[in-house]
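Coordinate inspection notes
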Amino acid sequence: MKTTDICEQLCKAKVEELGFELCDVEFVKEYGDWVLTLYIDKEGGVNIDDCELVSRAVEPILDENDPIEQAYFLSVSSLGLDRPLKKAADYQRNLNKALQVKLYAPQNGKKEFIGNLVDFDETSFTIETDKGERLTINKKDAALVRPHIVF
């Protein structure tokens, strides 16, 4: 089992008990140090105090279970406005919202699309462009899928 999956299993119940959704877990090496990042969300958004609360609550759980062999830093963060969609919950959260999609190879002569997410399943998703065109895209063919933010 992957380190991120183990950490997600260990922390999920505590995060939910505090009123948050544990949306993603990453374990990456940044500038020579390992960093475990828990991405959380809640209705109305997440602030710095929320991140601190979750960090203080899950740190003893991680220390007790010791799922990571090497030294690491724990980070708790909000999803961010333009965080890429990875899991089914990400697609559900963005249903009927505008997405930016970048493909590895062209489809209909283009590699980039913007459209509203109208449907999804385990392997694909469907967007509707502003011209009313519906495109069903295999998730494995998408290099990037994230919310389209207009400023």
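The rules we used
- Residues numbered from 1 in each chain as written.
- Predicted model: local features only at pLDDT ≥ 70, side-chain atom pairs only at ≥ 80, totals over all residues.
- Heavy atoms only, no water.
- Salt bridge = Lys/Arg side-chain N within 4 Å of Asp/Glu carboxyl O.
- Helix = DSSP H or I, 4+ residues; strand = E, 2+ residues; numbered from the N terminus.
- Buried < 20%, exposed > 50% of the residue type's maximum accessible area, 1.4 Å probe, protein only.
- Pairing = 2+ DSSP bridges.
- Axes fitted to C-alpha atoms, helices over the stretch in contact; angles between N-to-C directions.
- Contact = heavy atoms within 4.5 Å.
- Phe/Tyr/Trp six-rings, centres within 6.5 Å; stacked < 30°, edge-to-face > 60°.
- Patch = residues over 30% accessible without salt bridge, like charges linked within 9 Å, V, L, I, M, F, W, Y side chains within 5 Å.
- Areas by Shrake-Rupley, 256 points an atom, 1.4 Å probe, with all protein chains shown as cover.
- Lys, Arg positive; Asp, Glu negative; His and termini not counted.
- Charge placed at Lys NZ, Arg CZ, Asp CG, Glu CD.

Considering the pattern of salt bridges
If you walk through the whole model with that rule in mind, you get 13 salt bridges. Put simply, Glu 21 and Arg 93 hold a salt bridge, and the shortest N to O gap is 3.1 Å. With Glu 21 in strand 1 (residues 21–30) and Arg 93 in helix 3 (residues 88–93), the pair connects residues that are 72 residues apart, well separated along the chain. Among the salt bridges present, the one from Asp 24 reaches Lys 86, with a minimum N-O distance of 3.2 Å. One end of the pair, Asp 24, is in strand 1; the other, Lys 86, is in the loop between strand 3 (73–78) and helix 3, and 62 residues separate them in sequence. Residue Asp 24 is classed as buried on the basis of its relative accessible area of 9%. Shared partners join several salt bridges into a network, and the residues in it are Glu 8, Asp 24, Glu 26, Arg 83, Lys 86 and Lys 87.

Some points on the sheet that holds strand 7 (residues 134–138)
A sheet is described by the order of its strands in space; here five strands give the open sequence 7-6-5-4-8, paired in antiparallel fashion. Because the sheet does not close on itself, it has two edges, and the strands there are strand 7 and strand 8 (142–147). Across the sheet, the mean angle separating the axes of adjacent strands is 40° when strand polarity is ignored. Pairing between strand 5 (residues 110–120) and strand 6 (residues 124–128): four bridges, direction antiparallel. When the sheet's bridge partners are listed, Asp 119 is paired in strand 6 with Thr 126.

Here's the deal with the side chain of Thr 4
Relative to the assigned elements, Thr 4 resides in helix 1 (residues 3–17). Judged by its relative accessible area of 14%, Thr 4 is buried. Each residue touching Thr 4, except ones within four places of it in the same chain, is listed here: Val 25, Glu 26 and Phe 27.

Remarks on the packing of aromatic side chains
With the rule as written, the count across this model stands at four aromatic pairs. For the ring pair Phe 27 and Tyr 72, a centre distance of 6.3 Å and an interplane angle of 80° mean the geometry is edge-to-face. Within this pair, whereas Phe 27 is found in strand 1, its partner Tyr 72 is found in the loop between helix 2 (48–65) and strand 3, the two being separated by 45 residues in sequence. Geometrically, the ring pair formed by Tyr 91 and Phe 125 is tilted, given 5.6 Å between the ring centres and 40° between the ring planes.

Some details on a negative patch on the surface
Taken together, the side chains of Glu 59, Asp 63, Asp 66 and Glu 69 define an acidic patch exposed on the protein surface. When you line up the elements, Asp 63 lands in helix 2.

Quick notes on the sheet that holds strand 2 (residues 33–41)
Reading across the sheet, the three strands line up as 1-2-3 and stay open at both edges, with mixed pairing between neighbours. Here the strands that pair on one side only, and so sit at the sheet edges, are strand 1 and strand 3. Recorded for the sheet is a direction-independent mean angle of 20° between the axes of neighbouring strands. Direction of pairing for strand 2 relative to strand 3: parallel, over a ladder of six bridges. Each bridged residue has a counterpart across the sheet, and for Thr 37 the counterpart in strand 3 is Ser 75. Where helix 1 meets the sheet, it contacts strand 1 and strand 2, and its direction lies at approximately 140° from that of strand 1. Of the strands in this sheet, strand 2 and strand 3 touch helix 2, which is tilted by about 145° from strand 3.

Coordinates in, geometry out; function isn't part of it.
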